Amino acid sequence: MLKEHALQVLQTLEKHGFEAYYVGGCVRDWLLGRPVHDIDICTNAHPGDVMRLFPEHVPTGLQHGTVSVKIGSFLFEVTTFRTEGEYEDFRRPSNVQFVSDLVTDLERRDFTINAMAMDSRDQLADPFHGQEDLNNRLIRAVGVPAKRFREDALRLLRAARFAAQLHFDIESDTLQAMTVTATLLDRIAVERVRDELNKLIDSATPERGCDIVVDTRLLGCFPLLDRLFETARPHVWRLVHLGTLSQKWALLCYAAAFSKEQARAVCQLLRMSKRETEEISRFVELMAELSPQWDHPHPIDWSRNLLHYGWSVCMEVDNLLQACWWKNRDRQSSVSLIAVYEAMPVKTVKELAVNGKDLQIALQKKAGEWIQHVLMYLLEQTALHQLPNTPEALVEAARKEVVRYEHQARNT
Ligand code: ATP
Ligand code: MG
């Protein structure tokens, strides 16, 4: 379906006398039998020609020669054959030049497996023997590896990430060059580092990516990340048993014995969102409290955590526990989580028969920190200790707890 739509782009360009090919990741993934979600196209037509031939287009990257063409509900990036001038700041070429032949375009691409093109009759153009490397499951730089990593240091992490996603090895000269040029990674925007690390830890074989990162000291210029991956290494295989990136980062931090503060520092270093930072540091904090031993399940008392953090956080923490116990997982903690949750007559503060305002009025007190504390106390008492969920019983219990809370506050 996707490919049939892309074929229309190729055929339209050919009909008007241009060359056009599928290129890069889609060709690699077709040959590997992996699912393809987007198709890139390269052509000798200039962006002006592409825009003229396809009225439905978005000029997404004209400075690189890229026009996005809309066919049906799909968008395809169509990029004019180009070569890149001298590189500035180890990432961006100072200029790009359009060229007339396909091989020059393929030559600028990072790895041989990403430097193949296919025409409208499915004929492969493979001047750098990418297919042979695919068969041998190898990531190999196009051209002189160290030169290619110096041009664009992001390729260092891309190599490790593709190895993790495809379960490939890195060809020895390419690997050697990675060790030599690893320090250049400090010139790369951390957001790009984060995006590649996310793909690496979210891959089918993150342990392979981690081995490469550690063996080449790829993260040497980020000491905290370097330590994280090095220390967590024996447990990185567990990441595939987790559902979300936040869980994966949290497991790495737990495996590296990072504190909540160190986990937060990792998130901040990688400029993660506030939501992700909170989520990851909360998981790390809860894991530190539960302190599961690797592959030795133990009973969990969920009641307080359920009340404090709610059902969905506890479910995710249970996923983390299962990954920690993977080799001997018995699902007992999941069973007890469900049982405790179902047995609780009241599950959240919202379900209490009084709210903060009611307590203020009943106890004649100004708003303050005491409200949050007392509501949590009432929740615990009703959920776990049979306090009736009626306004009278709750106000009465609140009155006593406020006295105790304020007395304690005065004495500390
Ligand atoms: P993915 O499945 O992650 O999308 P991909 O190979 O399609 O993999 P993209 O980042 O989408 O990767 O890039 C598309 C193509 O552009 C690559 O296959 C490669 O040919 C080329 N490319 C991308 N980034 C670089 C780079 N940093 N250096 C050289 N070539 C690159
Ligand atoms: Mg892609």
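Residues numbered from 1 in each chain as written. Chains lettered and ligands numbered in written order. Predicted model: local features only at pLDDT ≥ 70, side-chain atom pairs only at ≥ 80, totals over all residues. Heavy atoms only, no water.

(A) Here's a closer look at the overall build of the protein chain. Check the secondary structure of the protein chain and you find 20 helices and 13 strands. Here the C-alpha atoms of the protein chain give a radius of gyration of 28 Å, more than 25% beyond the 22 Å that 2.2 N^0.38 yields for 412 residues. Its C-alpha atoms give the protein chain principal-axis dimensions of about 85 × 45 × 40 Å. Taken across its 412 residues, the protein chain has 48% of its residues classed as buried. The contacts in the protein chain between residues at least 6 apart in sequence include a share of 64% that link residues at least 24 apart. Here the protein chain contributes 49 positively and 57 negatively charged side chains, and the mean placements of these two sets differ by 4 Å. (Helix = DSSP H or I, 4+ residues; strand = E, 2+ residues; numbered from the N terminus. Rg over C-alpha atoms; globule rule 2.2 N^0.38 Å. Buried < 20%, exposed > 50% of the residue type's maximum accessible area, 1.4 Å probe, protein only. Contact = heavy atoms within 4.5 Å. Lys, Arg positive; Asp, Glu negative; His and termini not counted. Charge placed at Lys NZ, Arg CZ, Asp CG, Glu CD.)

(B) View of the site of ligand 1. Looking at ligand 1, there are 14 residues lining it, with R28, N114, D152, R155 and R161 nearest. Between D110 and ligand 1, the recorded distance is 3.2 Å, taken from a backbone N or O atom to a nitrogen atom. R155 has a polar side-chain atom sitting 2.7 Å from a nitrogen atom of ligand 1. Considering ligand 1 on its own, with 590 Å² of exposed area, one finds that the protein chains cover 74% of that surface. Element by element, the count of residues in the shell around ligand 1 is highest for helix 7 (residues 154-166), at 4 residues. Viewed by domain, the shell around ligand 1 spans two of them, domain 1 (1-136) and domain 2 (137-241), each represented by three or more residues. (Near = heavy atom within 4 Å. Polar contact = N/O pair within 3.5 Å; in protein donor to acceptor, adjacent residues only side chain to side chain. Areas by Shrake-Rupley, 256 points an atom, 1.4 Å probe, with all protein chains shown as cover. Domains from an automatic or database assignment.)

(C) Main features of the pattern of salt bridges. Within the structure shown, the criterion is met by 35 salt bridges. The shortest N-O distance in the salt bridge between R304 and E380 comes to 2.9 Å. Here E380 lies in helix 19 (residues 369-384) and R304 lies in helix 15 (residues 303-309), a separation of 76 residues in the sequence. R304 gets classed as partly exposed once you look at its relative accessible area, which sits at 46%. For E380, a relative accessible area of 14% puts it in the buried group. As a salt-bridge pair, R404 and E401 come within 2.7 Å of each other at their nearest N and O atoms. Placement of the pair is R404 and E401 together in helix 20 (residues 391-410), with a separation of 3 residues, close to one helical turn. According to the relative accessible area criterion, R404 is partly exposed, its value standing at 41%. Residues joined in a network through salt bridges with shared partners are R82, E84, D105, R108 and R109. (Salt bridge = Lys/Arg side-chain N within 4 Å of Asp/Glu carboxyl O.)

(D) View of the domain arrangement of the protein chain. The domains assigned to the protein chain are domain 1 (1-136), domain 2 (137-241) and domain 3 (350-411). Here the C-alpha centre of domain 3 lies 53 Å away from the C-alpha centre of domain 2.

(E) Examining the pairing of strand 4 (residues 66-71) more closely. Burial within strand 4 is extensive, with 5 of its 6 residues counted as buried. With antiparallel pairing between neighbouring strands as the criterion, strand 3 (residues 57-61) and strand 4 make up a hairpin whose turn holds 4 residues, including G65 at a positive phi of roughly 85°. Relative to strand 5 (residues 74-80), strand 4 runs antiparallel, the two being bridged by 6 bridges. Bridge pairing in strand 5 links V67 to V78. (Pairing = 2+ DSSP bridges.)

(F) Quick peek at helix 12 (residues 245-255). Counting buried residues in helix 12 gives 10 out of 11 residues, a clear majority hidden from the surface. Every buried residue of helix 12 is listed here: S246, Q247, K248, W249, A250, L251, L252, C253, Y254 and A255. Buried residues along helix 12 sit in contact with helix 9 (190-201), helix 11 (223-232), helix 13 (260-269), helix 14 (274-290) and helix 16 (311-324). A positive backbone phi angle near 55° is found at A257, which sits one or two residues after helix 12.

(G) Broad picture of the sheet that holds strand 2 (residues 40-43). On the basis of which strands lie adjacent, the open sheet formed by 7 strands has the order 3-4-5-2-1-10-11 and mixed pairing. The strands lining the two open edges of the sheet, one partner per strand, are strand 3 and strand 11 (124-125). The strands that helix 2 (residues 25-32) touches are strand 1 (20-23), strand 2, strand 10 (117-118) and strand 11; relative to strand 1, the one it contacts most, it runs at about 65°. (Axes fitted to C-alpha atoms, helices over the stretch in contact; angles between N-to-C directions.)

(H) Structural view of the packing of helix 7 against helix 9. Remark: helix 7 packs on helix 9, axes separated minimally by 8 Å, with the N-to-C direction vectors making an angle of 15°. As judged from the angle between their axes, helix 7 and helix 9 are roughly parallel. Judged by the twist between their axes, the crossing of helix 7 over helix 9 is left-handed. Each of L154, L157, R158, A160, R161, A164 and Q165 in helix 7 lies in contact with helix 9, whose residues at this interface are R192, V193, E196, L197, K199 and L200. (Parallel < 35°, antiparallel > 145°, perpendicular 65-115°, else oblique. Left-handed = near helix turned anticlockwise from the far one by under 90°.)

(I) Main features of helix 7. Compared with the 18 Å implied by 1.5 Å per residue over 13 residues, the 18 Å span of helix 7 between its first and last C-alpha is a close match. Burial analysis of helix 7 places 11 of its 13 residues in the buried class, the great majority of the element. Among the residues making up helix 7, those that are buried are L154, R155, L156, L157, A159, A160, R161, F162, A163, A164 and L166. A positive phi of about 60° marks H167, the residue just after helix 7. (Expected span 1.5 Å × (residues − 1).)

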